[in-house]
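# Fold and contact review
Letter by letter, the chains look like this.
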Amino acid sequence: MGLFSQAGSHFTRAVRPRGSLEDDKPPSDTEPDDTSILDENEGSIITSLISQLRVGMDLSRVTFPTFVLEPRSMLERITDFMSHPDLIFGADDCESSEERFIRVLQYYLSGWHVKPKGVKKPYNPVLGEFFRCRYDYPNGTQGFYIAEQVSHHPPISAFYYISPANRISIIGELRPKSRFLGNSVSTVMDGENRVVLLGKPDDGEYVITMPNMYARGILFGKMVLELGDNCIAKNEKNGLYCDLEFKTKGFFSGTYNAIAGRIRRNSTELGEVSGKWSHVMELRMTKTNKKRVMFDVDKDGSNVAPKWVPAEEEQEPNESRRLWSALTQAIGQKDMEAATTAKCAVEDAQRERRKKMEESGQRHIPRFFELRDNRWVPKLSVPNEPVAAANAVRQWIFPDSCTTAS
């Protein structure tokens, strides 16, 4: 611990040069897509940045280099959890409350495999930024998604998904908090998903929390992305819970991307979840000892529901893809100088806007969400009838434009 609690002069001796023969192999048992290899210039930038940090330091105000960025906003990245809607559509038709709970759990577990190659972080949304999209499903139904950055300090992203014809609604918020831990960076994913099966209103909410994220090996070794720690899925109305553990690899033992969990009704165990969130996850029922596949990434992972997004020229200035367009283009062209310029332009404009609001005594009012009973919820009352509900949501999210494929 003392090594990282002092000035950056110690780092030069601690860091083995990246790109050496010893370094060119990823850590054993990692997934290739979870590993990043930095070139000499990128490694020196990271080392220079880290030399200014201290263990336990809050990273919310630290600007990271553009080569570690995933070319999309966090507001769009949340849509990864809407990638496999077939797993949850029709869940309210299941007579068994246990089966409905399992279907919701399948939806949640299926979203983690969707991510960029390597260790990348999405853009930090700026205050007032929003992302919207529409899903057109093979069965002729639609789904709608809207996310908005409702707070900057602390950062809070509120989101809402609904498919009225498929009787599913998801409301939630993310409140990420990053910390420097020495040879790794952790992101604590506070917040929750609140799933409602509209065809089973008596079930109430299915509430799901998030695991934390770790970028390992930022000083020496290869950079590896891990999910870790505990989270919970619960439906209190039916007394159903799943205590989930995303396991991080130990120094001498264990494996990457492992997951384990137990489903219970109150204190009675019903089943056990095991496997890898990057490959296959299974559920073994306690009473029958029978196994079933929760999700098979190799078999079904590519069947991602496509998003339909307004063309950039039709988007509003603070809509995610348009707002970050220059940065995304520069990253695609691997022009890090242009990427840095584009990123700073957005962030500087945001700082200037906040400064003017503070000077004039103004307070930012989110457009799509409001804080009610300490929860961020949509500013919309949705009709019960599916067609009327779809029309109301469509007009609320896309008042002036039609969506085109993207």
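Residues numbered from 1 in each chain as written. Predicted model: local features only at pLDDT ≥ 70, side-chain atom pairs only at ≥ 80, totals over all residues. Heavy atoms only, no water.

For the chain, an unreviewed UniProt entry supplies the name Oxysterol-binding protein and the organism Amanita thiersii Skay4041. As its UniProt record puts it under Sequence similarities (unreviewed entry), the chain is described as follows: "Belongs to the OSBP family." (UniProt positions renumbered as here; feature names shortened; annotations may be inferred.)

This part is about the overall build of the chain. A tally of regular secondary structure across the chain gives nine helices and 20 strands. A burial count over the chain gives 50% of its 406 residues as buried. Counted over contacts in the chain with a minimum sequence separation of 6, partners at least 24 positions apart contribute 58%. As displayed, the chain has an accessible area near 19400 Å², and 51% of this comes from carbon and sulfur atoms. (Helix = DSSP H or I, 4+ residues; strand = E, 2+ residues; numbered from the N terminus. Buried < 20%, exposed > 50% of the residue type's maximum accessible area, 1.4 Å probe, protein only. Contact = heavy atoms within 4.5 Å. Areas by Shrake-Rupley, 256 points an atom, 1.4 Å probe, with all protein chains shown as cover.)

The next thing to look at is the packing of aromatic side chains. Considering all chains together, one arrives at 13 aromatic pairs under this definition. Ring centres of Phe81 and Tyr108 lie 6.2 Å apart, and the angle between their planes is 15°; on these two criteria the pair is classed as stacked. Of the two residues, Phe81 sits in the loop between helix H3 (74–77) and helix H4 (97–109) while Tyr108 sits in helix H4, which places them 27 residues apart along the sequence. A relative accessible area of 10% places Phe81 in the buried class. Consider the rings of Phe81 and Trp112, whose centres lie 4.9 Å apart with planes at 85°: the pair is edge-to-face. (Phe/Tyr/Trp six-rings, centres within 6.5 Å; stacked < 30°, edge-to-face > 60°.)

On to the pairing of strand S12 (residues 240–247), then. Both strand S11 (residues 223–235) and S12 contribute to a ladder of seven bridges, which runs antiparallel. Residue Asn235 lies in a different strand from S12, and its bridge partner there is Leu240. The loop that links S11 with its antiparallel partner S12 comprises four residues; one of these, Gly239, has a positive phi angle of about 65°. Both S12 and strand S13 (residues 258–265) contribute to a ladder of eight bridges, which runs antiparallel. Across the sheet, Asp243 pairs through a bridge with Arg262, a residue of S13. (Pairing = 2+ DSSP bridges.)

Here we come to the nonpolar core. Tyr108 and Tyr145 are the most contacted members of the largest nonpolar core, which totals 54 residues. Examining the composition of this core, we find that seven residues originate from one element, H4, more than from any other. Discounting chain neighbours no more than four positions away, the residues touching Tyr108 are Phe81, Asn193, Ile208, Thr209, Met210, Pro211, Cys231, Leu244 and Phe246. Of all hydrophobic cores here, the second largest spans 17 residues; its members include Tyr160, Ile162, Phe368 and Phe398. (Core = buried A, V, L, I, M, F, W, Y, C linked by side-chain atoms within 4.5 Å.)

Where helix H7 (residues 325–332) contacts helix H8 (residues 336–360), the two axes come as close as 8 Å, and the packing angle between them is 165°. Considering the angle they form, H7 stands roughly antiparallel to H8. As for the relative orientation of H7 and H8, their crossing is left-handed in sense. The segment H7 lies against H8, with Ala326, Leu327, Ala330 and Ile331 engaging Met336, Ala338, Ala339, Ala342 and Lys343. (Axes fitted to C-alpha atoms, helices over the stretch in contact; angles between N-to-C directions. Parallel < 35°, antiparallel > 145°, perpendicular 65-115°, else oblique. Left-handed = near helix turned anticlockwise from the far one by under 90°.)

With that settled, the discussion passes to the pattern of salt bridges. In this structure the tally under the stated criterion is 28 salt bridges. With a closest N to O distance of 2.2 Å, Glu70 and Arg72 form a salt bridge. Note on Glu70: relative accessible area 4%, which makes it buried. Note that Asp348 is salt-bridged to Arg351, the shortest N-O span being 2.5 Å. Linking Asp348 with Arg351, this pair stays in helix H8, spanning three residues, or about one helical turn. Through salt bridges that share partners, Glu173, Arg175, Glu192, Arg194, Glu205 and Arg375 make up one connected network. (Salt bridge = Lys/Arg side-chain N within 4 Å of Asp/Glu carboxyl O.)

On to H7, then. Two residues of an α-helix separated by three or four positions point the same way, owing to the 3.6 residues in each turn. Regarding H7, the residues found buried are Leu327, Ala330 and Ile331. The arc enclosing the buried residues of H7, seen along the axis, measures out at 100°, which places them on a common side. In this fold, the buried residues of H7 make contact with strand S2 (69–73), strand S3 (121–123) and H8. Just past H7, the residue Lys334 takes up positive phi, approximately 55°. (Arc of directions from axis to C-beta.)

Before going further, it helps to spend a moment on the pairing of strand S14 (residues 268–276). Here eight bridges tie S13 to S14, and the two strands are oriented antiparallel to one another. Among the inter-strand pairings, Ile263 is bridged to a residue of S14, identified as Gly271. Connecting S13 to the next strand, S14, in antiparallel fashion are two residues, including Asn266 with a positive phi near 55°. Here S14 runs beside strand S15 (residues 280–285); their pairing, made up of five bridges, is antiparallel. Within S15, the position partnered with Ser274 by the bridge is Glu282. Where S14 folds back onto S15 in an antiparallel hairpin, the turn is made up of three residues.

You can see Asp80 is positioned in the loop between H3 and H4. Apart from the residues within four sequence positions on either side, Asp80 is in contact with Arg72, Gly111 and Val114.

A cis amide bond links His153 to the next residue, Pro154, at an omega of 0°. Of note, Pro154 is situated in the loop between strand S5 (142–151) and strand S6 (156–163). For Asn289, which is not glycine, the phi torsion reads 65° and is therefore positive. Mapped onto the elements, Asn289 comes out in the loop between S15 and strand S16 (291–296). Phi at Lys334 takes a positive value of approximately 55°, unusual for a residue other than glycine. Along the chain, the position of Lys334 falls in the loop between H7 and H8.

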